[in-house]
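Below, each chain spelled out in residue letters.
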Amino acid sequence: MSERAYRPQEIEPKWQKKWEEQQLYRTSTDASKPKYYVLEMLPYPSGTLHMGHVRNYSIGDALARYKRMQGFRVLHPMGWDSFGLPAENAAIKNKRDPGEWTRANIANMKRQLRSFSFSYDWEREISSCEPEYYRWNQWFFLQMWKKGLAYRKQSLVNWCPECATVLANEQVVNGCCWRHEQTPVEQKELEQWFFKTTAYVEDLLCDLDELEGGWPDRVISMQRNWIGRSEGTEVDFTLEGSDEMVRVFTTRVDTIFGATCVILAPQHPWVAEFGMAEKAAPMIAAQKDKAADDLEKDGFFTGKYALNPYSGEKVPIWVGNFVLWGYGTGAIMAVPAHDQRDFEFCRKFGIPVVPVIQPADGELPKAEDMIEAYAEYGIAAVCGQWSGLPSAEAKAQMTAFAEEKGFGEGAITYRLRDWGVSRQRYWGTPIPMIHCPKCGTVPVPEKDLPVRLPENVELTGVGESPLKTVPEFVNVACPECGGPAEREADTMDTFVDSSWYFYRYCDPKNDQAPFSTENAAAWFPIDQYIGGVEHAVLHLIYCRFWTKMMRDLGLITWNEPASRLFTQGMVIKDGAKMSKSLGNVVSPEEMVGQYGSDTARAFSLFAAPPDRDLDWQDSGVEGMSRFLARVYRLVTRHADDQAAPSASPANDADKAALRKLHQTIERVTADFDSRWHFNTSLAGIMELTNELYALEEKLSPGVLAECLRRLTLLLEPFAPHLSEELWEALGEQGPVLDVAWPAYDAELAKDDSVEIPVQINGKMRGKVTMAVDASQEEVVAAAKADENVARHLEGKTVRKTIYVPGRMLNLIVG
RNA sequence: GCCCGGGUGGCGAAAUCGGCAGACGCAGGGGACUUAAAAUCCCCUUUCCGCAAGGAAGUGCGGGUUCAAGUCCCGCCCCGGGCACCA
């Protein structure tokens, strides 16, 4: 027996080096094994790894290791996002090249990650910010262009006249530029590129059913809401004194007899036509301003009137700040009596309220008594020929009527809009298009890909787009006519990169195609995708769209990229999400230096279940470190025992130890296969360790040897360096990753006695220890023999006996 | 406002199917070892009453179902996240 101190600072580098040399994490090509593709969401290269990352990667890594020990061929790749805006801002601030900045950050993140020995297949590393990758972004762009899925249109952007640059919505503060707090943000029309996500809107919605069970319910419901399908009717109102018509969308055409005005979005073309664009401009800016949370309803009368096609009634046309240009037709009919928003608007501006729907079991509300709109379905009361019909029936008949008369039709609208991919930034994938004065918009020929970013561009943060200022980049010959033309200077949104990176992992070096169908088919769909819930609607819609688009290009045959999704909780520190910008980061480097990476990763899993937010407190780390050292001492002091492992108990202590061992194996295995509550897995392993400490002296050497070996294997997914070190100390051959996960033996795990709580009238009065197969009579007899139970039964009759075998006895007395 | 989560000891949490509330760990207390300290090992630790045996209360609040509720049902309150005038 020898006792050694646990020194992770020595052990971990030793195994890191060995594993690198062995290329331990390279993906197996053994096709006889079932595949398992596990992936954490692409990290952005912020340059600083924090405990939030470590927790995320520890979850995926524990799973990857477990699956590998279970005999799977595991793909667990690692990649890097290009993260455009921060790169560019850093470049402007520090006068550095954004590429250099990004690459330096990636190198730093990589170095820090490697000290944890996460089981990434570094051979399959990709960087989505390198030309080899954006070549294929461009290739996809061209395919979409051919199919009409990529198009260009005029679109309003936030514009700061001071910087002469485009602002993202979050850069608008109180209607002003974030850098020039006195300068109001303007709206500017720019030609922007879009991907037609709406072409797949029904697919995106219907296929959510396919994901049910594999994806968290809340993500599915967030996506449903985001897509926002609603059925209704489009109806034309005629402008008084002209033939022009304005189309409105409504889900409640049955209320149209109560329409008392038409309200246009401030961006509506009629507003400009009426010469009121200037009056509407501040409203548009206010709509885009994220800081103005609850915008008060505002509007103005245009002086014009429209005619209701059902009643022929003349109603005023208004402009309202709460009407959205991007939804429906950008114009509404206001029915104040039956829509709360319309009610607020009309009451504010003195527009009449006309109730036309009455509750099924009540009276038609009186306008002067109403304090809020009656928005429920009811009975059409004052609705011309449809009066008397229930709302649903009236809706159907009135829509049919509009179709018959040609002034409207049934319509489905979606909240989901096309994906604007244009960015007026330097650091991103250049859009492979050329504008020719003669030929129009012409795609760059595929043989000329990739279109590379020009080097040595000075970034100022001023001006429409940095690439526009580089003549060598912009001035090109038109590929069709050879005449002088201009290259598109916008770059692509970085969400494009993350929409298909996981396909590229299957074939990262392919220079003929984004990936080969065969290689992707070998791994897809992703068996387990892991990431933060903050991606529930953007990334996770875009990448689903991309998969469907690739399916229609004939590249793949499946509908969905990932069959299972796990959303892990955030790491909270001092009441806020841990992030570099908030300065509440716990540095893993420091923790690794002090306790080692095994401690850091095991603790990040032990502190809370992975799907729950984790309130970070340093105080528990010590305990995890103590536990690992405790295991280390226990195993190393018996490492030289020379006993052959044995699962045949020779005494009661052996039996108890083997029972605990197999109960723990069952528990940890079940956690991996279902809930991933690694905190309870680790608690179980701690209990096993405590039990072995208690029984240590009494165990026969073979059984002890057996228990120590299984314990070592159980630790592998959580503390791989320690596990490997102990495995070697025990004289076994590694790497542990290639050793089979311990099998669970139900016979050995079985308890031979069980403690049964005894209740009287539902109150705990004692416990009896019984054989597992004891009958109800035996249990009742034993219970009555218990001193305390007998005392409570004194002078009373047992009226009812409830016995749940092996669990509980409840005696009802009166 | 709508849609998701969540609320359990001094703290992080556990209780997987309605069946012993608080596993495991932290912090705290006590003991052993030590000249001493650290480290280690062992014990105690929901609250209140009690010397103890034991008793009472207890999972955000108020009701309900049940032999039995942290868990199921109805009505609220609070915290976190997401979406937000979606016609």
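Residues numbered from 1 in each chain as written. Chains lettered and ligands numbered in written order. Predicted model: local features only at pLDDT ≥ 70, side-chain atom pairs only at ≥ 80, totals over all residues. Heavy atoms only, no water.

Colleague: Now, about the overall build of chain A: what can you tell me, with residues and values included?
Modeller: Counting its regular elements, chain A contains 27 helices and 34 strands. Dimensions of chain A, computed from the C-alpha atoms along their principal axes, are close to 105 × 85 × 50 Å. Going through the 814 residues of chain A one by one, you find that 55% of them count as buried. In chain A, of all internal contacts separated by at least 6 residues, the share reaching a separation of at least 24 is 72%. Taken as two groups, the 88 positive and 116 negative side-chain charges of chain A have centres that lie 2 Å from each other. (Helix = DSSP H or I, 4+ residues; strand = E, 2+ residues; numbered from the N terminus. Buried < 20%, exposed > 50% of the residue type's maximum accessible area, 1.4 Å probe, protein only. Contact = heavy atoms within 4.5 Å. Lys, Arg positive; Asp, Glu negative; His and termini not counted. Charge placed at Lys NZ, Arg CZ, Asp CG, Glu CD.)

Colleague: Run through empty space enclosed by the protein, naming residues and quoting values.
Modeller: Over the atoms, a rolling probe the size of a water molecule traces out where space has been left empty. Under the criterion given, the structure shown has two cavities of 30 Å³ or more. Estimated volume of the largest cavity: approximately 80 Å³. What lines the largest cavity is simply Tyr25, Arg26, Thr27, Ala64, Arg65, Arg68, Val74, His76, Ser119 and Leu737. Of the residues in the lining of the largest cavity, the class split is four nonpolar, three polar and three charged. Approximately 60 Å³ is the volume attributed to the second largest cavity. (1 Å grid on protein atoms, 1.4 Å probe; cavity = no way out; pocket = protein on both sides within 12 Å on 5 of 7 lines; lining within 4 Å. Points joined across faces, edges and corners; volume = space filled by probe spheres on them. Nonpolar A, V, L, I, M, F, W, Y, C, P; charged D, E, K, R; others polar.)

Colleague: Lay out the pairing of strand β12 (residues 261-264) in plain terms, naming residues and giving numbers.
Modeller: Alternating residues of β12 divide into Cys261 and Ile263 and Val262 and Leu264, and every residue in both groups is buried. When β12 meets strand β15 (residues 331-334), the two strands line up antiparallel, connected through four bridges. Within β15, the residue paired with Val262 across the bridge is Met333. Of the pairings in the sheet, the one linking β12 to strand β14 (residues 314-320) comprises three bridges and is parallel in character. Bridge pairing in β14 links Ile263 to Trp318. (Pairing = 2+ DSSP bridges.)

Colleague: Can you explain the side chain of Ser422? Please cite residues and give values.
Modeller: Inspection of the secondary structure puts Ser422 in strand β20 (residues 422-423). A distance of 2.7 Å separates the side chain of Ser422 from the backbone nitrogen of Trp193, its partner in a polar contact. Within the local environment of Ser422, its side chain forms a polar contact with the side chain of Asp490, the two groups lying 3.1 Å apart. Every residue in contact with Ser422, bar those within four places of it in the chain, is listed here: Gln192, Trp193, Ile431, Asp490 and Thr491. (Polar contact = N/O pair within 3.5 Å; in protein donor to acceptor, adjacent residues only side chain to side chain.)

Colleague: So what's going on with the packing of aromatic side chains? Residues and values would help.
Modeller: Counted according to the given criterion, the structure contains 61 aromatic pairs. Relative to Tyr120, the ring of Tyr57 lies with its centre 6.3 Å away and its plane at 80°, an arrangement referred to as edge-to-face. Of this pair, Tyr57 sits in helix α2 (residues 51-69) while Tyr120 sits in the loop between α4 (98-114) and β4 (121-127); the two residues are 63 residues apart in sequence, bridging distant segments of the chain. Its relative accessible area of 1% is what places Tyr57 among the buried residues. For Tyr120, a relative accessible area of 1% gives the class buried. Note on Phe524 and Trp558: the rings are 5.7 Å apart at their centroids and 10° apart in plane angle, and the pair reads as stacked. You can see Phe524 sitting in the loop between α16 (517-523) and β26 (528-532) and its partner Trp558 sitting in the loop between α17 (539-553) and β27 (565-568), a full 34 residues away along the chain. (Phe/Tyr/Trp six-rings, centres within 6.5 Å; stacked < 30°, edge-to-face > 60°.)

Colleague: Summarise the nonpolar core; cite the residues concerned and give the values.
Modeller: Proteins that are soluble and globular tend to have nonpolar side chains buried together. Membership of the largest hydrophobic core comes to 173 residues, with the highest contact counts inside it found for Phe502 and Trp546. Look past the residues within four positions of Phe502 in its chain and what remains in contact with it is Tyr37, Leu39, Phe524, Ile526, Tyr529, His539, Cys543 and Pro561. (Core = buried A, V, L, I, M, F, W, Y, C linked by side-chain atoms within 4.5 Å.)

Colleague: Quick rundown of the pairing of β26? Include the residues and the values.
Modeller: For β26, the tally of buried residues reaches five of five residues, placing the bulk of the element in the interior. Here strand β1 (residues 35-40) runs beside β26; their pairing, made up of three bridges, is parallel. When the bridges of β26 are listed, Leu39 appears paired with Tyr529. With four bridges connecting them, β26 and β27 associate as parallel partners. When the sheet's bridge partners are listed, Ile530 is paired in β27 with Phe566. Note that the unit made of β26, α17 and β27 has a crossover that is right-handed. (Right-handed = clockwise from strand over helix to strand, strands pointing away.)

Colleague: So what's going on with the side chain of Lys660? Residues and values would help.
Modeller: If you trace the backbone, Lys660 turns up in helix α21 (residues 652-673). For Lys660, a relative accessible area of 17% corresponds to the buried category. Residues contacting Lys660, with those up to four places away along its chain left out, are Glu687, Leu688 and Glu691.

Colleague: Explain unusual backbone geometry residue by residue, including any values.
Modeller: Residue Leu449 is joined to Pro450 through a cis peptide bond whose omega torsion reads -5°. With respect to the helices and strands, the residue Pro450 is situated in the loop between β22 (440-443) and α13 (471-474). Going from Phe524 to Pro525, the amide bond is cis rather than trans, its omega being -5°. Position of Pro525 among the secondary structure elements: in the loop between α16 and β26. Residues other than glycine seldom take positive phi values, yet Gln642 does so here, at roughly 70°. You can see Gln642 is positioned in the loop between α20 (621-636) and α21.

Colleague: So what's going on with helix α11 (residues 340-349)? Residues and values would help.
Modeller: Since the α-helix turns once every 3.6 residues, residues separated by three or four places project in the same direction. By the burial criterion, the buried members of α11 are Asp342, Phe343, Phe345 and Cys346. Buried residues belonging to α11 abut β12, β13 (299-307), β14 and β15. Remark: Gly350 follows α11 within two positions and exhibits a positive phi of approximately 70°.

Colleague: Please set out the pattern of salt bridges residue by residue, giving values where relevant.
Modeller: Pairing between side chains becomes possible if they bear opposite charge and their charged atoms approach one another. Inspection of the entire model under this criterion finds 47 salt bridges. Ionic pairing is found between Lys146 and Glu446, a salt bridge with its closest N-O pair at 3.6 Å. Here Lys146, found in helix α5 (residues 131-146), pairs with Glu446, found in the loop between β22 and α13; they are 300 residues apart in sequence, far enough to count as distant. By relative accessible area, which is 59% here, Lys146 ends up exposed. (Salt bridge = Lys/Arg side-chain N within 4 Å of Asp/Glu carboxyl O.)

Colleague: Describe the protein's contact with RNA strand B, with residues and values.
Modeller: In the neighbourhood of RNA strand B, 55 residues make up the surrounding shell, with Arg218, Thr251, Lys297, Tyr327 and Arg341 lying closest. Counted by atom, the contact set of RNA strand B within 4 Å of the protein is 68% sugar and phosphate. Measuring from a sugar or linking oxygen of RNA strand B, one finds a backbone N or O atom of Thr251 at 2.3 Å. Between a phosphate oxygen of RNA strand B and a side-chain N or O atom of Tyr327, the distance comes to 2.5 Å. Secondary structure elements with two or more residues in the surface near RNA strand B: α8 (217-227), β11 (245-250), α20, α22 (678-695), β32 (763-771), α27 (787-793), β33 (798-804) and β34 (808-813). Among the residues making up the surface near RNA strand B, the classes are represented as 21 nonpolar, 15 polar and 19 charged. (Near = heavy atom within 4 Å.)

Colleague: How would you summarise the sheet that holds strand β6 (residues 165-167) if you had to cite specific residues and measurements?
Modeller: In any sheet, the strands associate via hydrogen bonds between backbone groups, in a parallel or an antiparallel arrangement. The strand order across the open sheet formed by four strands is β6-β5-β9-β19, and the pairing between neighbours is antiparallel. One side of each edge strand has no neighbouring strand; the edge strands of this open sheet are β6 and β19 (419-420). Relative to the sheet, α5 contacts β5 (150-160) and β9 (186-195), its axis offset from that of β9 by approximately 90°. (Axes fitted to C-alpha atoms, helices over the stretch in contact; angles between N-to-C directions.)

Colleague: Describe the sheet that holds β26, and please don't skip the residues or the numbers.
Modeller: Across the sheet, four strands lie side by side as β2-β1-β26-β27; this open sheet has parallel pairing. Lying at the two open borders of the sheet, with one neighbouring strand each, are β2 (73-75) and β27. Between one strand axis and the next, the sheet turns through 20° on average, direction left out of account. As paired strands, β1 and β2 are joined by three bridges and run parallel to one another. If you follow Tyr36 over to β2, its bridge partner there is Val74. Across the sheet, α2 touches β1, β2, β26 and β27, and the angle it forms with β1 is around 170°.

Everything listed is a geometric property; what it means functionally is a separate question.
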